[in-house]
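Chain by chain, the residues run as shown.
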Amino acid sequence: KAPQFESIAVLPFANVGGDASNEYYGDGIADELAGALAKLPGLKVAARSSAFQFKGQNVAAKEIGERLGVAAVVEGSVRRMGESIRISAQLINASDGLAVWSESYERPADEVFNVQTNITAAIAADLGIGANRTATAAAPNSRAYEAFLQGRWHWGKRDREGFEKAVEYFNLALAEDSLYAKAWAGLGDAYSLLGGFGYLPPD
């Protein structure tokens, strides 16, 4: 039986293939996966700022576990190939560096939301948490979800240009799906940070 981890860190998924324009996929999927896992009962998930400090670094899972105080690490990769996408993910025991679970998915790019949901459910199962506890909101429009991922990626840059691009992409997501709650929340966050950093003119 798989170890029953109580804490976990989700690292940015590596962008495989060298196309920098697809960089947002790896960060966005990791963000969404961490958010979904954080909703599972009894599971603590490392903050984005903590997990993302290891982006692009070749650091062993054991060291990451020690530095972040987590028992397990999720890492993976994303490769975009035309209109299809291949996502690989694995759950690693930080105490010994051994993979507890791993899987690869190759799907049309417009099914990336469903793949992220599948990964969450698979990890939850290995953590001993019933799949019925991992219910998520209905899948958004695929174009809305892709725009949302790009918005989150730009938002993560934490600078004026990033926040402004985030606003642009969150608005694109809402143009595709006006009821997309996460896009509304992202838009609010982006405007709030633009104001907080003094980038918005006073009323």
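Description of the structure in this document. None of the values given here were measured: they were computed from a predicted structure. Position numbers for residues start from 1 in each chain and track the written sequence from start to end. Local features in a predicted model are, by the rule used here, given only for residues with pLDDT of at least 70; side-chain atom pairs are given and counted only at 80 or more, and totals for whole chains, interfaces and linings are based on all residues. Water and hydrogen atoms play no part in the side-chain values, which are based on all heavy atoms of the structure.

## Side note on helix α3 (residues 61–68)
Here's step 1: Relative accessibility thresholds used throughout: buried, under 20% of the residue-type maximum; exposed, over 50%; partly exposed, between the two (1.4 Å probe, protein chains only). Strands are runs of DSSP state E lasting at least 2 residues, helices are runs of H or I lasting at least 4, and numbering of each runs from the N terminus. Listed in full, the buried residues belonging to α3 are Ala61, Ile64, Gly65 and Leu68. Mapping the buried residues of α3 onto a view down its axis gives an arc of 100°, with all of them on the same face.
Here's step 2: Any two residues having at least one pair of non-hydrogen atoms within 4.5 Å are treated as being in contact. In the core, the buried residues of α3 are packed alongside β1 (7–10), α2 (48–51), β4 (72–81) and β5 (84–93).
Here's step 3: Note on α3: the residue one or two positions beyond its end, Gly69, has a positive phi of about 70°. By construction, the arc corresponds to the directions joining the helix axis to the C-beta atoms.

## Focus: the environment of Trp184
Here's step 1: Counting through the fold element by element, Trp184 comes out in helix α7 (residues 181–196).
Here's step 2: With 13 residues separating them in the primary sequence, Trp184 and Asn171 have C-alpha atoms 8.3 Å apart.

## Brief notes about the pairing of strand β6 (residues 99–108)
Here's step 1: Two strands pair under a simple rule: DSSP has to find at least two bridges between them. As judged from the nine bridges shared by β5 and β6, these two strands associate in the antiparallel manner. Bridge pairing in β6 places Ile87 opposite Tyr105.
Here's step 2: Joining the antiparallel neighbours β5 and β6 is a turn of five residues, in which Gly97 adopts a positive phi near 75°.

## Remarks on the layout of surface pockets
Here's step 1: Any residue with an atom within 4 Å of a point lines the site, the site being either a cavity, points on a 1 Å grid over the protein atoms alone where a 1.4 Å probe fits but cannot get out, or a pocket, an open set with protein on both sides within 12 Å along at least 5 of 7 lines. Grid points are joined across faces, edges and corners, and a volume is the space filled by probe spheres set on the points. Volume-wise, the second largest pocket comes out at about 280 Å³.
Here's step 2: Forming the boundary of the second largest pocket are 17 residues, of which Pro12, Ala14, Phe54, Gly56 and Gln57 lie nearest the centre.
Here's step 3: For the lining of the second largest pocket, the secondary-structure elements that each account for two or more residues are β2 (14–15), α3 and β4.
Here's step 4: For the lining of the second largest pocket, a count of residues per class yields nine nonpolar, five polar and three charged. Here the nonpolar group is Ala, Val, Leu, Ile, Met, Phe, Trp, Tyr, Cys and Pro; Asp, Glu, Lys and Arg are the charged ones; every other residue, Gly included, is treated as polar.

## Points about the side chain of Ser7
Here's step 1: Topologically, Ser7 is positioned in strand β1.
Here's step 2: Each polar contact in these results corresponds to two N or O atoms within 3.5 Å; when the atoms are within protein, one needs to be able to donate a hydrogen and the other to accept it, and residues that are neighboring in sequence are counted only if both atoms are side-chain atoms. At a separation of 3.0 Å, a polar atom in the side chain of Ser7 contacts the main-chain amide nitrogen of Ala71.

## Description of the pattern of salt bridges
Here's step 1: Here a salt bridge means any side-chain nitrogen of Lys or Arg lying within 4 Å of a carboxyl oxygen belonging to Asp or Glu. Tallied over the full model, the rule gives eleven salt bridges.
Here's step 2: A salt bridge links Arg152 to Asp31, with the nearest nitrogen and oxygen atoms 3.4 Å apart. Of this pair, Arg152 sits in helix α5 (residues 142–155) while Asp31 is found in helix α1 (residues 23–38), placing the two residues 121 residues apart along the sequence. In terms of burial, Arg152 and Asp31 fall into one category: buried.
Here's step 3: One salt bridge in this structure joins Lys165 and Glu168, with 3.4 Å as the shortest N-O distance. Here Lys165 and its partner Glu168 are both found in helix α6 (residues 160–176), three residues apart, which amounts to about one turn of the helix.
Here's step 4: With relative accessibility at 38%, the residue Glu168 sits in the partly exposed group.
Here's step 5: Via salt bridges that share partners, Glu23, Asp27 and Lys55 belong to a single interconnected network.

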